[in-house]
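Now for the letters of each chain:
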Number of protein chains: 8
Amino acid sequence: MENGFSVKKLVVMGDSISDCGRARPVGEGSPDALGNGYVRLLDAMVSVDHPEWGLHFINMGVSGNTSRDLAARWANDLIAQKPDYVLIQIGINDTWRYFDRPLQPDVHVTTEEYRANLGAMIDSAEAAGCRVILSSPFFLEPNRDDPMRAAADRYRAEMARCAKARGVPYIDLQERFDAVLTRHYSCRMALDRVHPNTMGQYVIASALEQAFEEIFGA
Amino acid sequence: MENGFSVKKLVVMGDSISDCGRARPVGEGSPDALGNGYVRLLDAMVSVDHPEWGLHFINMGVSGNTSRDLAARWANDLIAQKPDYVLIQIGINDTWRYFDRPLQPDVHVTTEEYRANLGAMIDSAEAAGCRVILSSPFFLEPNRDDPMRAAADRYRAEMARCAKARGVPYIDLQERFDAVLTRHYSCRMALDRVHPNTMGQYVIASALEQAFEEIFGA
Amino acid sequence: MENGFSVKKLVVMGDSISDCGRARPVGEGSPDALGNGYVRLLDAMVSVDHPEWGLHFINMGVSGNTSRDLAARWANDLIAQKPDYVLIQIGINDTWRYFDRPLQPDVHVTTEEYRANLGAMIDSAEAAGCRVILSSPFFLEPNRDDPMRAAADRYRAEMARCAKARGVPYIDLQERFDAVLTRHYSCRMALDRVHPNTMGQYVIASALEQAFEEIFGA
Amino acid sequence: MENGFSVKKLVVMGDSISDCGRARPVGEGSPDALGNGYVRLLDAMVSVDHPEWGLHFINMGVSGNTSRDLAARWANDLIAQKPDYVLIQIGINDTWRYFDRPLQPDVHVTTEEYRANLGAMIDSAEAAGCRVILSSPFFLEPNRDDPMRAAADRYRAEMARCAKARGVPYIDLQERFDAVLTRHYSCRMALDRVHPNTMGQYVIASALEQAFEEIFGA
Amino acid sequence: MENGFSVKKLVVMGDSISDCGRARPVGEGSPDALGNGYVRLLDAMVSVDHPEWGLHFINMGVSGNTSRDLAARWANDLIAQKPDYVLIQIGINDTWRYFDRPLQPDVHVTTEEYRANLGAMIDSAEAAGCRVILSSPFFLEPNRDDPMRAAADRYRAEMARCAKARGVPYIDLQERFDAVLTRHYSCRMALDRVHPNTMGQYVIASALEQAFEEIFGA
Amino acid sequence: MENGFSVKKLVVMGDSISDCGRARPVGEGSPDALGNGYVRLLDAMVSVDHPEWGLHFINMGVSGNTSRDLAARWANDLIAQKPDYVLIQIGINDTWRYFDRPLQPDVHVTTEEYRANLGAMIDSAEAAGCRVILSSPFFLEPNRDDPMRAAADRYRAEMARCAKARGVPYIDLQERFDAVLTRHYSCRMALDRVHPNTMGQYVIASALEQAFEEIFGA
Amino acid sequence: MENGFSVKKLVVMGDSISDCGRARPVGEGSPDALGNGYVRLLDAMVSVDHPEWGLHFINMGVSGNTSRDLAARWANDLIAQKPDYVLIQIGINDTWRYFDRPLQPDVHVTTEEYRANLGAMIDSAEAAGCRVILSSPFFLEPNRDDPMRAAADRYRAEMARCAKARGVPYIDLQERFDAVLTRHYSCRMALDRVHPNTMGQYVIASALEQAFEEIFGA
Amino acid sequence: MENGFSVKKLVVMGDSISDCGRARPVGEGSPDALGNGYVRLLDAMVSVDHPEWGLHFINMGVSGNTSRDLAARWANDLIAQKPDYVLIQIGINDTWRYFDRPLQPDVHVTTEEYRANLGAMIDSAEAAGCRVILSSPFFLEPNRDDPMRAAADRYRAEMARCAKARGVPYIDLQERFDAVLTRHYSCRMALDRVHPNTMGQYVIASALEQAFEEIFGA
């Protein structure tokens, strides 16, 4: 490349938390193409703070996706991009469907299937020479006895176990939000406790940027 | 009246839960003018089930209102309508502002002020020959230790005390929602636990219709 | 299912009275996906009053449909859903086309064809293990000598006979509306006497919910 | 006038049947300014068939108006135009409000008030040198026992008596529609039996054009 | 047909003068489906004045069409409808393209080709048992020395000759407009002298209705 | 001024030909503020070709204006701007109203009034130290016997006489258009022969730029 | 305050760089009310990183403002808010008007006037007990010989001098951008070198947050 | 051709500078179809000033195109039109992608590839009997040391060399803009220094018209 950067292509595979109106079919090429969520903010922060990382972000989030949907479009939407890295941000819809569509079992994804979907996606990525980064699902409810929080924690635990077993970097966003929730009520960051506004997006982006120091900063 | 009904004019004074896009300046004259919330549904149910009550609904809800805002427009928006009855559905914004705008104390309404506002409005209505019906604030969170639920409960308790002290009919919508929340997670009825969808609107409308049996059914 | 409900999938096959802007291709997954007509209201009422029925509503109404159109999309739109129940709400367009398009005979459906279409659809549903519920066409005109009311009554009679012959539950919505029309002029519920507003939708939904007590309440 | 026509300014005072989206504040100056109802069609027909009449149409219809509303804006909207003729097309809303808003007596206009309003408007017009033409209210329901048709007939009868008493030209549009209704069901011309489509507008416009032969054709 | 009419299906094949926003793919079924031009007006006039003709109008006009375009879609858009009659209203775009796109010869249609196109379309229609009615092109410019008027007159003459040779009914709309143009300047009916407003549409519709007396009135 | 230009403020007072969607209340500050007509094009051409003139254009055209309207807003819209020059482009609506609104004499402006309006505006401008430039009305019809062209020629002659009598610069745009009309039919530049497209706007702008050589180029 | 924070009200007075579609009349109450620019991002970052500061942001930016406009609305838009702090972000329009509207001297603000405006605003704020923070104008052009950059530097120097003379905190955003411009071409952050996208907004917000450490962090 | 012109079809192949919202799939047939950029203006100027050239413009610009994109659609978009001339206006995106998308090497076009693309397109055009005119890329930045200007100059030099080598007419638009930039700051003509407003479009159109004198004026 003429500009002397060593470019690394990082694709975000996720749900509405990542999507945020990103461009179709591929979310790259301009800030607007990255959507108006944490991906655009993270791209901006990394571009300013760490241009030497040479990270090229591509947003392939799709609203409503569960891990099952993600796995189904993995070849087309991820592998075909020939990525260097993939950030997987998935799991809250696997959780949520039991609560907002309890009578629609065909859209329910069990924790077992979630684990299997994560495994298959990681296998596929690594076989294609793409390194994986896992970013945990989260629910902006500090009460761990809340049924949906408790369920989200189960999916999160699966991802953590998976990351540990595979030696893959893992960022626990729930922990970050839990810390902020000791100072702010959930509605400050997400009215429905799922979709973060700018404040919640900054929690995600700053957590990811910090984690990226380990991955890209050496 | 030619049609032989004895008409009773019932004005709803409330916030966004009542407003729901009702017509301006006065929400009456057609179903659409009543907005797309529980007021239109209640009007439909009462018209079908109890035409003999002769209830003419007027929706004067305004999104974002606290009890302070309601009191400020009481003369213009209620008394000037020469109503027979007023349904007061207020209090969740008095609660919410401490949680979504904690740094904006000028919009905070204390429970003391809430009590005073309710009292002043009832005095004004009764002085004008208008009978008052109180409908409690509610928050679709079953965990009573949740800070915002706990706060909402304090405002609700104020309204209950006020109703008892003044001998005014009082409908506890929180109790109704709590019963339904034993079967459904909150997101089924309101993504933000504040603004009910059709299912939540039916909870309200059926509770009010049942309470109206006592008031108008004799 | 994890949540312990025994789920029953109930698909509504109908015309614009059911459609009301429901989601495409399949009207399920959220209240908005059910459209803004009686189906959404019925879903809300049943969810609140009878969660134990475990009814999952799917709205497959299509504006303008006659029984002929319904039969033509029966395999794709109904059978492919693997439903437990189907609610058939059809017939007013079979009637209406003689009155609003008298010169377009290719869209006219005779009562004979209507009977045959109903029969074929019931056969197909039952062969697929799906139970049928019939909901009559109606016209909000109390004068039985009105030509279109008289015609609608003929189609309704066909459906009633069919229901009796097949031992299928049948809800006569015209009777319900006729009762309400003794107290309200038709324009209160439907300006064109065909498409019900919220008040007319409540007449339908409450009639269906009551009939469902027999079907699902045992 | 340079063009050699003897211009006569004819203002239409009416309700939504006349309004049809006409320009504000004054409906004149272009075909679009006359709205998309019978007024524009009548203007077109007269311009083609009888340019020698020199009729300049001004549409001052306002949707929702009763005779009370018309009288209230008479000075501003009619007299200030210095008209030669006024066509009064009013009365269906006086009728309708008893049926669509039975519980809102403040918008009900009795036949007595209707008669008085007509009288006051005619007095005012004639005092200003403006000749009056009366055009009857109509309801596209052939069954004279229908309650709203019967009511509309009472208002129509008032207008006919008024026309006779004052020696003012009177066009009975109900009779025209009744004749057409022997061949077409009402929905061909107006889905709600009140607001005519192009076919209903042509019934009105051709009736008025024919009546104008007597008035302007001598 | 149950209603006792003998239905005749009449399809209009034309350009933007006929199209006027008619429904796609087939312009039939409701007044709006006929577009907002002369076809809807003619349908309304005939429905009121001559219901006994049993004419069912279908508008298949397409904006911008020349006779070449019309011929190209003749099988799909006309013959497939199995029409009883076709009204051909074509030719002004054949004329106009020489004046508004003089440098684009591939869209120019000579009078020779125009004649051939008319002949081929009539042959095709008659072979399919469909009777043809020809309606002349027109240009709202009374000066016959104007180049575009002179050109339009040449195409019109071709159509007239064709009608005479084939014994097909022919309505000369230019003559009608010329008569009106002695009383009104062209901008009263069409700002661009091509696309008629309501007044110009009435000239067409009344000319056609009068001509139809001969064809359908016997 | 810091930039070393000697700025001259030139305000355009005109009708829709000048207006073209210019900014309100004052058409200055950006190219878009000048509208999408000849004023923006002229500003661009002069800025490129003659930056040394230091001309600051302000578009104060208002669609539909006659000379009477222009005179009525002269003080507010022109004098208050403290202009150095005013370009008056008015007269086609004075002409047109006799043809498109022949029956509305209150909007007719005679040539006598046109002359008087021009005189009054010039007096007012000159008294305020503002120099006047006159730009003739035009009608894109080469046939001088056409009634509207003939009328436009009479207004144009008035302006020419006025310019001569007052020693004011005068640009005859009709002559320019007549020359172009020998090569192109009118619809190439203006479908209604009044409102120029880009091609017609270039005719105006190049004529004005050439005339400005005399005025500003010394 | 009940929540135990010591609230500080900080009002942003600025131009389009601050405005970004903030709510009218007062930009406070929700993240959307702060617009979609650096103010919302800064609010999010400070809320997450430094909730203990208790900063309540109010965005009063107005697109297009120069220091003259800011001073003109100082009493209404700032003082009336009873602020604890004001952040002044102004000056690029003072600069730009010489370059984009060189011929419109009435909108030019000299550096002398800029200095005076700043002084007057600081005096007014301090007299009202409001502390001032100055944020420099910037232009995303690294070439200091570029005429507009050179001009922007002169206004920036005035602000720096003013800050020093008054002992007021001053953040030099140009220096921040200059540092980033050694790694990225200007179009990465602002296509027109004036209005920052998310990446440019992050440069501003992180610079301000860092500077706020000194001001609010003690 | 009947009108006696000798028509030459000139197709513009370019990027967003040419595109400007032109019609799809082919930008011809009306001024609007040419987009709102320099192509429409050039067409207007040539039509007025040089109708004898008989130039028919077709705009086939596509926003965002590099020379690689242009070459890829050369057969479909150019050759299939059977053009007499092609104007190639390409290169600024080849340049820009290194600056606005430095991390996306797959969209970078080197000067070597640019030269090859130009060569291949010229070969293809000439083989099809189409004459080529080259119009240089430009960047509205007068500082030749600016990195993007320097890069643009390299692509421009390639085009100039190519034109010379092939004996093809070449218009250096950068030189034209450089001359204007001695009098106006870049933002007068293009806020982002790439996309010209009306003033910049006139610079292009007048340069091209002047160059066309040599090509078409003999």
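Scope of this entry: the structure provided in the associated data block. Computed from a prediction, not measured in an experiment: that's the story for all the values here.

## Observations concerning the sheet that holds strand β3 (residues 85–89) of chain G
Residues and elements named next belong to chain G.
So, point 1. One open sheet accounts for five strands, arranged β2-β1-β3-β4-β5; its pairing is parallel. Since the sheet does not close on itself, it has two edges, and those belong to β2 (55–59) and β5 (170–171), each with one partner.
So, point 2. Against the sheet, helix α6 (residues 111–127) contacts β3 and β4 (131–135), and its axis sits at roughly 150 degrees relative to β4.

## Brief notes about the relation of the copies chain B and chain A
Each of the two chain copies can be generated from the other by rotation about an axis followed by a shift along it.
So, point 1. Taken as rigid bodies, chain B and chain A are interconverted by a rotation of 180 degrees and an axial shift of 0.0 Å, the fit giving an RMSD of 0.0 Å. Seen this way, the second copy is the image of the first under a two-fold rotation axis. Looking at the rotation axis and the C-alpha trace of chain B, the residue lying nearest is B:Asp192, at 2.3 Å.
So, point 2. Of all interface residues in chain B, 100% are interface residues in chain A too; the two copies therefore contact each other through one and the same surface.

## Focus: the pattern of salt bridges
So, point 1. One pass over the structure, following the stated rule, counts 128 salt bridges over all chains.
So, point 2. A salt bridge links B:Asp153 to B:Arg149; the nearest nitrogen and oxygen atoms lie 2.9 Å apart. In this pair, B:Asp153 and B:Arg149 both sit in helix α7 (residues 147–166), four residues apart, roughly one turn of the helix. Assigned by exposure class, B:Asp153 and B:Arg149 land together as buried.
So, point 3. Between H:Glu126 and H:Arg166 there is a salt bridge, with the nearest N and O atoms lying 3.8 Å from each other. In this pair, H:Glu126 is assigned in helix α6 (residues 111–127) and H:Arg166 in helix α7 (residues 147–166), connecting sequence segments 40 residues apart.
So, point 4. Taken together, the shared-partner salt bridges connect A:Arg144, A:Arg149, A:Asp153, A:Arg156, A:Asp172 and A:Asp178 into one network.

## Some details on the interface of chain G and chain A
So, point 1. At the interface, 21 residues of chain G touch 21 residues of chain A.
So, point 2. Taken together, the connections running from chain G to chain A amount to zero salt bridges.
So, point 3. At the surface where chain G touches chain A, the tally comes to eight residue pairs in polar contact (both at pLDDT 80 or more).
So, point 4. Per element, the largest residue contribution to the side of chain G that touches chain A is seven residues, and it comes from helix α2 (residues 38–49) of chain G.
So, point 5. Counted by class, the side of chain G that touches chain A contains eleven nonpolar, four polar and six charged residues.

## Observations regarding the packing of helix α7 (residues 147–166) of chain C against helix α8 (residues 173–181) of chain C
Residues and elements named next belong to chain C.
So, point 1. Here α7 crosses α8 at 140 degrees, and the two axes come no closer than 11 Å. Along the contact surface, α7 presents Arg-149, Asp-153 and Arg-156, while α8 presents Gln-174, Glu-175 and Asp-178.
So, point 2. Grouping the constituent residues of the contact of α7 with α8 by class yields no nonpolar, one polar and five charged.

## A few points about the pairing of strand β3 (residues 85–89) of chain A
Residue and element names in this part refer to chain A.
So, point 1. The buried fraction of β3 is high, at five of five residues.
So, point 2. Side chains of β3 alternate between two faces, with Tyr-85, Leu-87 and Gln-89 and Val-86 and Ile-88 buried alike.
So, point 3. For strand β1 (residues 8–14) and β3, the ladder comprises five bridges, and the chain directions are parallel. In the strand pairing of β3, Gly-14 is matched with Gln-89.

## Describing the sheet that holds strand β3 (residues 85–89) of chain H
Within a sheet, neighbouring strands are paired by backbone hydrogen bonds and run either parallel or antiparallel to one another.
All names here are of chain H.
So, point 1. Strand order across the open sheet formed by five strands is β2-β1-β3-β4-β5, with parallel pairing between neighbours. The open sheet is flanked by β2 (55–59) and β5 (170–171), the only strands paired with a single partner.
So, point 2. Pairing of β3 with strand β4 (residues 131–135), which is carried by five bridges, proceeds in the parallel orientation. Bridge pairing links Gln-89 to Ser-135 in β4.
So, point 3. In this fold helix α2 (residues 38–49) packs onto β1 (8–14), β2 and β3, with an angle of close to 175 degrees to the strand it touches most, β2.
So, point 4. Across the sheet, α6 lies against β3 and β4, angled at about 150 degrees from β4, the strand it touches most.

## Some points on a negative patch on the surface
So, point 1. Together, A:Asp49, A:Glu52, A:Glu213 and A:Glu214 give the surface a local cluster of negative charge.
So, point 2. Judged by relative accessible area, which is 40%, A:Glu213 ranks as partly exposed.

## Some words on the relation of the copies chain G and chain A
So, point 1. If you rotate chain G by 180 degrees and push it 0.0 Å along the axis, it lands on chain A with an RMSD of 0.0 Å.
So, point 2. Here 100% of the contact residues of chain G are again contact residues in chain A; the copies associate through an equivalent surface.

## Looking at the interface of chain B and chain A
So, point 1. On the chain A side, the residues contacting the 17 residues of chain B number 17 residues.
So, point 2. Carbon and sulfur atoms make up 55% of the surface buried where chain B meets chain A, a total of about 1400 Å² over both sides.
So, point 3. Inspection of the chain B/chain A interface yields two salt bridges.
So, point 4. Put simply, A:Arg193 and B:Glu141 hold a salt bridge, and the shortest N to O gap is 3.6 Å.
So, point 5. Linking chain B to chain A there are four residue pairs in polar contact (both at pLDDT 80 or more).
So, point 6. Listing elements by their share of the side of chain B that touches chain A, those giving two or more residues are α5 (92–100) and α7 of chain B.

## Quick word on the arrangement of the chains
So, point 1. A gap remains between chain B and chain E, which never touch, and the nearest two C-alpha atoms on either side lie 25 Å apart.
So, point 2. Contact between chain C and chain F is absent, and the minimum C-alpha spacing across the pair is 37 Å.

## Remarks on the pairing of strand β4 (residues 131–135) of chain F
Residues and elements named next belong to chain F.
So, point 1. Most of β4 is tucked away, with four of its five residues classed as buried.
So, point 2. In terms of strand pairing, β4 meets strand β5 (residues 170–171) through two bridges, oriented parallel. When the sheet's bridge partners are listed, Ser-135 is paired in β5 with Ile-171.
So, point 3. The parallel pair β4 and β5, bridged by helix α7 (residues 147–166), forms a crossover whose chirality is right-handed.

Reading the values: the criteria
- Residues numbered from 1 in each chain as written.
- Chains lettered and ligands numbered in written order.
- Predicted model: local features only at pLDDT ≥ 70, side-chain atom pairs only at ≥ 80, totals over all residues.
- Heavy atoms only, no water.
- Pairing = 2+ DSSP bridges.
- Helix = DSSP H or I, 4+ residues; strand = E, 2+ residues; numbered from the N terminus.
- Contact = heavy atoms within 4.5 Å.
- Axes fitted to C-alpha atoms, helices over the stretch in contact; angles between N-to-C directions.
- Least-squares fit on C-alpha atoms with pLDDT ≥ 70 in both.
- Salt bridge = Lys/Arg side-chain N within 4 Å of Asp/Glu carboxyl O.
- Buried < 20%, exposed > 50% of the residue type's maximum accessible area, 1.4 Å probe, protein only.
- Polar contact = N/O pair within 3.5 Å; in protein donor to acceptor, adjacent residues only side chain to side chain.
- Nonpolar A, V, L, I, M, F, W, Y, C, P; charged D, E, K, R; others polar.
- Patch = residues over 30% accessible without salt bridge, like charges linked within 9 Å, V, L, I, M, F, W, Y side chains within 5 Å.
- Areas by Shrake-Rupley, 256 points an atom, 1.4 Å probe, with all protein chains shown as cover.
- Lys, Arg positive; Asp, Glu negative; His and termini not counted.
- Charge placed at Lys NZ, Arg CZ, Asp CG, Glu CD.
- Buried area = accessible area lost by both parts, 1.4 Å probe.
- Right-handed = clockwise from strand over helix to strand, strands pointing away.

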